[in-house]
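Listed below are the residues making up each chain.
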Amino acid sequence: MKPKIYITRKLPDAIIAQLSEVCEVSMWENEEEPVPREVLEKEMQQVNGLFCLLTDNIDKSLISQSSQLKIISNMAVGYNNIDIEAATEKGIMVTNTPGVLTETTADLTFALLMATARRLIEASDYLHEGKWETWSPMQLTGQDIYGATLGIIGLGRIGEALAKRAKGFDMNVLYYNRSRKFVAEEQLGIHYVDKETLLKESDFVCVLVPFTPETKNTIDQNELALMKPSSVLINTARGGVVNEDALYKALINNEIWAAGLDVFEVEPVPSDHPLLKLPNVVALPHIGSAGINTRIKMASLAASNLIEGILGRIPKHLVNS
Ligand code: DGY
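What counts as what
Residues numbered from 1 in each chain as written. Predicted model: local features only at pLDDT ≥ 70, side-chain atom pairs only at ≥ 80, totals over all residues. Heavy atoms only, no water. Pairing = 2+ DSSP bridges. Helix = DSSP H or I, 4+ residues; strand = E, 2+ residues; numbered from the N terminus. Axes fitted to C-alpha atoms, helices over the stretch in contact; angles between N-to-C directions. Near = heavy atom within 4 Å. Polar contact = N/O pair within 3.5 Å; in protein donor to acceptor, adjacent residues only side chain to side chain. Areas by Shrake-Rupley, 256 points an atom, 1.4 Å probe, with all protein chains shown as cover. Domains from an automatic or database assignment. Contact = heavy atoms within 4.5 Å. Buried area = accessible area lost by both parts, 1.4 Å probe. Buried < 20%, exposed > 50% of the residue type's maximum accessible area, 1.4 Å probe, protein only. Parallel < 35°, antiparallel > 145°, perpendicular 65-115°, else oblique. Nonpolar A, V, L, I, M, F, W, Y, C, P; charged D, E, K, R; others polar. Expected span 1.5 Å × (residues − 1).

## With respect to the sheet that holds strand S4 (residues 71-74)
Pairing in this open sheet of five strands is parallel, and the strands run S2-S1-S3-S4-S5 from one edge to the other. Two strands bound the open sheet, and with one partner strand each, they are strand S2 (24-27) and strand S5 (93-95). Pairs of neighbouring strands in the sheet enclose a mean axial angle of 15°, with direction left out of account. The sheet contact formed by strand S1 (residues 4-7) and S2 spans four bridges and is parallel.

Given below as structure tokens:
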């Protein structure tokens, strides 16, 4: 008998075929809506493997209901949606999908930085709304990117990939990280500074830390107060690493110039959220890794992780070894 697995959202056929070779697969077929809690609870009681997304809250109570679960395979590099401690206590493996989304997420981060700095959405709306009547010297002017200073908080894979892009724009790249990365400094020509210096000196601040209890509100009122009034904040990590109330206040009080956000404390962010009303906020629906090939690679890697675990082997991308 094949081991049973549950997939919490419809996946491409090729990925289902990959999993079906080894497992008996059942799946939440709805592409647009997350699996309801009660369905997930029922499935958790009978499956050996779970293939889930960052939208699924795999908390302690859910994990405690599983009796035969060997592995939770998350189709994301971040895994703050899973209670790792509870899974580990029950001897359940948890895996993620690092590496395959690095470049695509760095692309989106830089694209968001450019769109925010150069007011692309606002300018496009201006044109579409018939407001463009003449060219004038200071019309829709934004912040210069070439040669500016970029501060990266959290120099993991995506941070390094972002630094490479910034170097192509002759930016001065500062970074702050839990540990210094001497090889990256040498190879990329970037500079380690403390968080306060980074916030004070950067024209652009990108937060790229994973979301943990320690990184919650990495950017809060005090951090925003240190930033330049002309600076731009970019968050493509997780909503909780920036305090949204503090960010809103900093934006309306002109403490910083603009923000580009791909992630929110609550997702989907309610359409009446105050931040969405501000013209100097460029907001995206968590699309950092949304390249067609990248998403297929992520799904395939999550499937391979799950198969490894279900066959009793140690998956390469185990996060709770
Ligand atoms: C991740 O993988 O954690 C991203 O947020 C979505 O790709």
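From this point, the narrative continues.
## Looking at the site of the ligand
As a structural note, the neighbourhood of the ligand is formed by Leu54, Ala76, Val77, Gly78, Leu101, Arg238, His286, Ser289 and Met298. Take valine 77: an N or O atom from its main chain is 2.7 Å from an oxygen atom of the ligand. In this structure, an oxygen atom belonging to the ligand sits 2.9 Å away from a main-chain N or O atom of glycine 78. Notes on the ligand: free accessible area 230 Å², of which the protein chains cover 91%.

## Describing the domain arrangement of the chain
Taken as a whole, the chain is organised into domain 1 (4-98 + 292-310) and domain 2 (102-283). Between the C-alpha centres of domain 1 and domain 2 there is a distance of 32 Å. Every contact between the two is made by six residues of domain 1 and, on the other side, four residues of domain 2. Roughly 470 Å² is buried in total at the junction of domain 1 and domain 2, and carbon and sulfur atoms are behind 50% of that figure. Among the residues domain 1 hides against domain 2, the three largest losses belong to Asn80, Pro98 and Thr294. Together they make up 71% of the total.

## Section: the side chain of threonine 215
Following the sequence through the fold, threonine 215 ends up in the loop between strand S9 (204-207) and helix H10 (221-226). For threonine 215, a relative accessible area of 13% translates into the label buried. Separated by 2.6 Å, the side chain of threonine 215 and the backbone oxygen of proline 210 make a polar contact. In this view, threonine 215 contacts Val209, Pro210, Gly240 and Val241; residues no more than four positions away in its chain are not counted.

## With respect to the side chain of asparagine 74
Inspection of the secondary structure puts asparagine 74 in strand S4. Taking relative accessible area as the criterion, asparagine 74 reaches 0% and is therefore assigned buried. At 2.9 Å, the side chain of asparagine 74 and the backbone oxygen of glycine 78 are in polar contact. When near neighbours in sequence (up to four residues on either side) are disregarded, asparagine 74 contacts Cys52, Leu53, Leu54, Tyr79, Asn81, Ile82, Thr95, Asn96, Thr97 and Ala302.

## Section: the packing of helix H1 (residues 13-20) against helix H12 (residues 292-310)
At a minimum axis distance of 10 Å, the contact between H1 and H12 shows a crossing angle of 10°. Compared by their axis directions, H1 and H12 come out roughly parallel. Every residue of H12 that contacts H1 at Ile15, Gln18 and Leu19 is listed here: Ile296, Ala299, Ser300, Ala303, Ser304, Leu306 and Ile307. Residue classes in the contact of H1 with H12 are distributed as seven nonpolar, three polar and no charged.

## A look at H12
For H12, which comprises 19 residues, the first-to-last C-alpha distance of 27 Å matches the rise-based estimate of 27 Å (1.5 Å per residue) to within 8%. Every buried residue of H12 is accounted for by Thr294, Met298, Ala299, Leu301, Ala302, Ala303, Asn305, Leu306, Ile307, Gly309 and Ile310. Note on H12: the residue one or two positions beyond its end, glycine 312, has a positive phi of about 85°.

## Comments concerning the environment of glycine 154
Following the sequence through the fold, glycine 154 ends up in the loop between strand S6 (149-153) and helix H7 (157-168). For glycine 154, a relative accessible area of 6% gives the class buried. Between the alpha carbons of glycine 154 and glutamate 24 there is a distance of 40 Å; along the sequence they are 130 residues apart. Once residues lying within four places of it in the same chain are set aside, the contact partners of glycine 154 are Gly159, Tyr176, Asn177, Leu208 and Val209.

## Let's talk about unusual backbone geometry
The step from glutamate 267 to proline 268 runs through a cis peptide bond, and the omega angle for that step is -5°. The residue proline 268 is located in the loop between strand S11 (258-261) and strand S12 (281-283) in this model. The backbone of asparagine 217 shows a phi angle near 55°, a positive value even though the residue is not glycine. By secondary structure assignment, the location of asparagine 217 is in the loop between S9 and H10. Assessed through its relative accessible area of 23%, asparagine 217 is described here as partly exposed. Despite not being glycine, asparagine 254 shows a phi value in the positive range, around 55°. As for its position among the elements, asparagine 254 is in the loop between helix H11 (244-252) and S11.

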